[in-house]
Amino acid sequence: MLEDIREKSQGLTAKIILGLIILTFAVAGVGSYSNSVDTSVATVNGQAISQQAFNKAYQAQRGRMAQQFGEMFDTLSNDANYMANFRQGVLDNLINETLIDQNSEALAIRVSDLRLKDTIRTMPEFQVDGSFDNNRYLAIINQAGFFQSSDFRDYLRVEMTRRQLSQALVATEFNLPYQEKLQLALQNQTRDIRFATISAEQFKAAITLTDEDVNNYYVANQARFENKEQVKVDFISLNVADIAKGINVTDDELSSYYQENLTSFTETAQRRISHILIEFTDGNADDEAAKLQAQVVLTRLEQGEDFAALAKEVSNDTFSGENGGDLEWLEPGVMEESFDEAALALLTVGEISSLVKTSFGYHVLKLTDYKKESVQAFADVKTELSAKLSNDQAQDKFFTLQQEMARISFEFPDSLDDAAAEVNVAIQTSPWLLRSGNSAPFDQSKVIEAAFSEMVLQDNMNSDLIEVNDSVVLVLRLNTLQEANVKPLVEVEAQIKDILVNQKATEKAQQTVDLLLADFNAGVDITAQLTALNTSFVSKEKVARYSPDVDQSISRAAFVLPHPVDGTVSASTVALSNGALALVEVTTVGVSATAANPNLGQQQTSQLAQSAYQSFVNSLKVGAEITRKQVVEPVTTY
């Protein structure tokens, strides 16, 4: 058969097809076959916002929300509508930032290198004992995901440019004295009111319901009485932490590991270096002028001049020169090899090197501090080592066991017994699980997807092995399924009757209070009507806008009503949070003698500034070409 294929591949037809393929690649280019699909989530004036940028912003915002609101945000994140709005909000922010960046570019707003350096040096996050620490700076930006200092500088430059534009807008806002007086008068306003509360409870006794009323409500509100689909699963679990508890590491093993990894417990000798740099001019690596100038510097030092003062005076590295040439503690490999070799050759604090040539120019180095090599004693790290070795052994055993657990649960899919016995774990049963809102480890989408999968629910087989995280794996099996269904009428009849009675009582109360208001506005004395309803007017004087002495619904209604005028009544009705209703009248409007708020002007200015900035962003959107795409929940990898 292979011979037949070979012969046919040499035929005229095969050669024509091959030629067409080659021609297509030649005309269109290989890139047209390999270019990735456009995965941008939006474009703003032709500039794409990538899926990667969206994922990064989404995870950052989600992390901030989780840190701020804790379990409350976990609950909210199970709401699909909330998370859809959340993702849309992240995309809106990215679009706004892109518009601002484009406008900053059009306005030629720039941040200089010098200002960028000054900002970094003065950021408290990068300081130790009030001074900039280069090692801390590198460690923090690496932890934040900036593995090159240039990446962080680029990020900071963008943020500072945006801030420069926003501050230019915000700083121009101001409030006028009359606005402050008006705001103060409104805040300090008081009202004399009277109100009568009509309880809906008193109307319930006269309400009668028919079977038809109950049945109609039941049919119209089926979703309200639905049992959601839920499932209980049996499961077996492997956990590295549990495996580690059963592992005993001997002293000999600890000692051997300590000796074999002694370098891990050794802090090498450290040198704190200062330098003076004389740069090459015009990029000339053989610049004799730079070498001559550096030699003059070295001579001045040999004659006793202060290194720090001289570094500040002549060093072309102004960043370190301001601190006497200090480069902090030397990290081998950060500088060029010639620099490292010269620095490591310095053994005595205060010792100065000869000229050192790098691609930047000529350096003169000084050893300003020295820490000898130190080794952590075995006794000091024994507990730490024991935990590490037991965990390492547990990880190895965990990997082997999970392979076996996956194999046995697959080969014997009708039971968890064989797999549980193989890896020596107990079969457990979960609580009732819904498709969202469960406790760990059933709060993760991959676990819930498996629990409600066709394999588990319909085929009644063991699930595939589920990696919850690097340390925990599960296999699930159906225990009990409760399918979604509507509760029978007999089960919810009493509940429906309560609902309908409350509704009809509230409606009757609303009709009654509306009639009372009409009579009251017409000048009718309603005292007798109120008495018949087991209520009367209650008077309150000098009620403040947010008075704790009055139901907030009543005070809000009172401050919406117009000022009373002779011959007219200023009254309305309002529903209270307890289901009752109230008839509210404003009799007098006054102003309390509360002292002025010294921060009021600043608060008003801040509000105006925020409004102006939002208006500016909205104005950028008016003339912009913005294309949005549907954004979905970013996939989280474990």
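Residues numbered from 1 in each chain as written. Predicted model: local features only at pLDDT ≥ 70, side-chain atom pairs only at ≥ 80, totals over all residues. Heavy atoms only, no water.

What about the overall build of the protein chain?
In terms of helices and strands, the protein chain carries 25 helices and 21 strands. The C-alpha atoms of the protein chain give a radius of gyration of 38 Å, which is well past the 26 Å a tight globule of 638 residues would have. If one aligns the C-alpha atoms of the protein chain with their principal axes, the spans along those axes are about 110 × 85 × 75 Å. Taken across its 638 residues, the protein chain has 32% of its residues classed as buried. Accessible area of the protein chain: about 38,600 Å², with a carbon and sulfur share of 51%. Charged side chains in the protein chain number 51 positive and 88 negative. The centres of these two groups are separated by 5 Å. (Helix = DSSP H or I, 4+ residues; strand = E, 2+ residues; numbered from the N terminus. Rg over C-alpha atoms; globule rule 2.2 N^0.38 Å. Buried < 20%, exposed > 50% of the residue type's maximum accessible area, 1.4 Å probe, protein only. Areas by Shrake-Rupley, 256 points an atom, 1.4 Å probe, with all protein chains shown as cover. Lys, Arg positive; Asp, Glu negative; His and termini not counted. Charge placed at Lys NZ, Arg CZ, Asp CG, Glu CD.)

Some details on a nonpolar patch on the surface
A contiguous nonpolar surface patch, about 270 Å² in accessible area, is contributed by Phe69, Met72 and Leu76. Among the structural elements, Phe69 can be located in helix α4 (residues 51–69). Of the residues examined, Phe69 reaches a relative accessible area of 37% and is grouped as partly exposed. (Patch = residues over 30% accessible without salt bridge, like charges linked within 9 Å, V, L, I, M, F, W, Y side chains within 5 Å. Salt bridge = Lys/Arg side-chain N within 4 Å of Asp/Glu carboxyl O.)

What to know about the environment of Leu138
With respect to the element layout, Leu138 can be found in helix α8 (residues 134–143). By relative accessible area, which is 27% here, Leu138 ends up partly exposed. Measuring from C-alpha to C-alpha, the distance between Leu138 and Ser149 comes to 7.2 Å, with 11 residues separating the pair along the chain.

Description of the environment of Ala450
Tracing the sequence through the fold places Ala450 in helix α20 (residues 445–451). It is 7.6 Å that separates the C-alpha atoms of Ala450 and Leu476, two residues lying 26 residues apart in sequence. Sequence-distant contacts of Ala450, defined by excluding residues within four places in its chain, comprise Val456, Ser463, Ile466 and Leu476. (Contact = heavy atoms within 4.5 Å.)

Quick word on the environment of Ala294
Within the fold, Ala294 resides in helix α14 (residues 288–302). In this structure the C-alpha to C-alpha distance between Ala294 and Phe559, which are 265 residues apart in sequence, comes to 79 Å. Not counting chain neighbours up to four residues away, the residues in contact with Ala294 comprise Ile278, Leu355, Tyr362 and Val364.

Points about the sheet that holds strand β19 (residues 571–575)
Hydrogen bonding along the main chain pairs the strands of a sheet, whether they run parallel or antiparallel. The 4 strands lie next to each other as β18-β5-β20-β19, forming an open sheet whose pairing is antiparallel. Unpaired on one side and paired on the other, β18 (538–544) and β19 mark the two borders of the sheet. Mean inter-strand twist for the sheet, computed between neighbouring axes without regard to direction, equals 35°. With 10 bridges joining them, strand β5 (residues 189–198) and strand β20 (residues 581–591) adopt antiparallel strand pairing. Opposite Gln189, over in β20, you have Val591 as the bridge partner. On top of the sheet, helix α24 (residues 552–560) reaches β5, β18, β19 and β20; it is set at about 125° to β5, its chief contact. (Pairing = 2+ DSSP bridges. Axes fitted to C-alpha atoms, helices over the stretch in contact; angles between N-to-C directions.)

Some details on the pattern of salt bridges
Here the structure, examined in full by the defined rule, presents 19 salt bridges. With a closest N to O distance of 2.9 Å, Asp113 and Arg157 form a salt bridge. In this pair, Asp113 is assigned in helix α7 (residues 113–122) and Arg157 in helix α9 (residues 149–170), connecting sequence segments 44 residues apart. Two residues, Arg435 and Glu229, come together in a salt bridge whose shortest N-O distance is 3.0 Å. Residue Arg435 is found in the loop between β14 (428–429) and α20, and its partner Glu229 is found in the loop between β6 (226–227) and β7 (230–239); the two are separated by 206 residues along the sequence. Judged by its relative accessible area of 52%, Arg435 falls in the exposed class. A single salt-bridge network, built from bridges that share partners, covers Glu97, Asp101, Glu159 and Arg162.

Some remarks on empty space enclosed by the protein
Under the criterion given, the structure shown has 1 cavity of 30 Å³ or more. By volume, the largest cavity is sized at about 40 Å³. Around the largest cavity sit Leu114, Lys117, Asp118, Thr318, Phe319 and Glu322, which together line it. Contributions of two or more residues to the lining of the largest cavity are made by α7 and α16 (318–321). (1 Å grid on protein atoms, 1.4 Å probe; cavity = no way out; pocket = protein on both sides within 12 Å on 5 of 7 lines; lining within 4 Å. Points joined across faces, edges and corners; volume = space filled by probe spheres on them.)

Overview of the sheet that holds β7
Taken in spatial order, the 4 strands make up an open sheet running β14-β7-β16-β15, and their pairing is antiparallel. Each end of this open sheet is capped by a strand with a single partner; those strands are β14 and β15 (466–469). Relative to the sheet, helix α18 (residues 378–411) contacts β7, β15 and β16 (472–482), its axis offset from that of β16 by approximately 35°.

Quick notes on the side chain of Asn438
In this structure, Asn438 sits in the loop between β14 and α20. Within the structure, the side chain of Asn438 is placed 3.4 Å from the backbone oxygen of Phe442, a separation counted as a polar contact. Residues in contact with Asn438, not counting those within four places in the same chain, are Trp432, Leu433, Asp443 and Ile448. (Polar contact = N/O pair within 3.5 Å; in protein donor to acceptor, adjacent residues only side chain to side chain.)

A short note on the nonpolar core
Ile236, Leu238, Ile243, Leu385, Ala394, Phe398 and Met405 are the most contacted members of the largest nonpolar core, which has 24 residues in total. Elements represented by at least two residues in this core include exactly β7, α12 (240–245), α13 (251–260), α18, α19 (417–423) and β16. Among the elements that line this core, the one with the most residues is α18, at 8 residues. Setting aside anything within four residues of it in sequence, one finds Met405 in contact with Ile236, Leu238, Ala419, Val423, Leu465, Val473, Leu474 and Val475. Judged by nonpolar contacts, the second largest core, of 23 residues, contains Val41, Ile109, Val617 and Ala624. (Core = buried A, V, L, I, M, F, W, Y, C linked by side-chain atoms within 4.5 Å.)

Here we look at unusual backbone geometry
A cis amide bond, omega 0°, links Ala440 with the succeeding residue Pro441. Even without glycine at this site, Asn45 takes up a positive phi of about 55°. Here Asn45 is to be found in the loop between β1 (42–44) and β2 (47–49). Given the relative accessible area of 39%, Asn45 is considered partly exposed. One non-glycine residue, Asn424, lies in the positive phi region at around 60°. Looking at the secondary structure, you find Asn424 in the loop between α19 and β14.

Some remarks on the side chain of Gln402
In this structure, Gln402 sits in helix α18. Beyond its immediate sequence surroundings of up to four residues, Gln402 is in contact with Leu238, Leu465, Glu467 and Val473.

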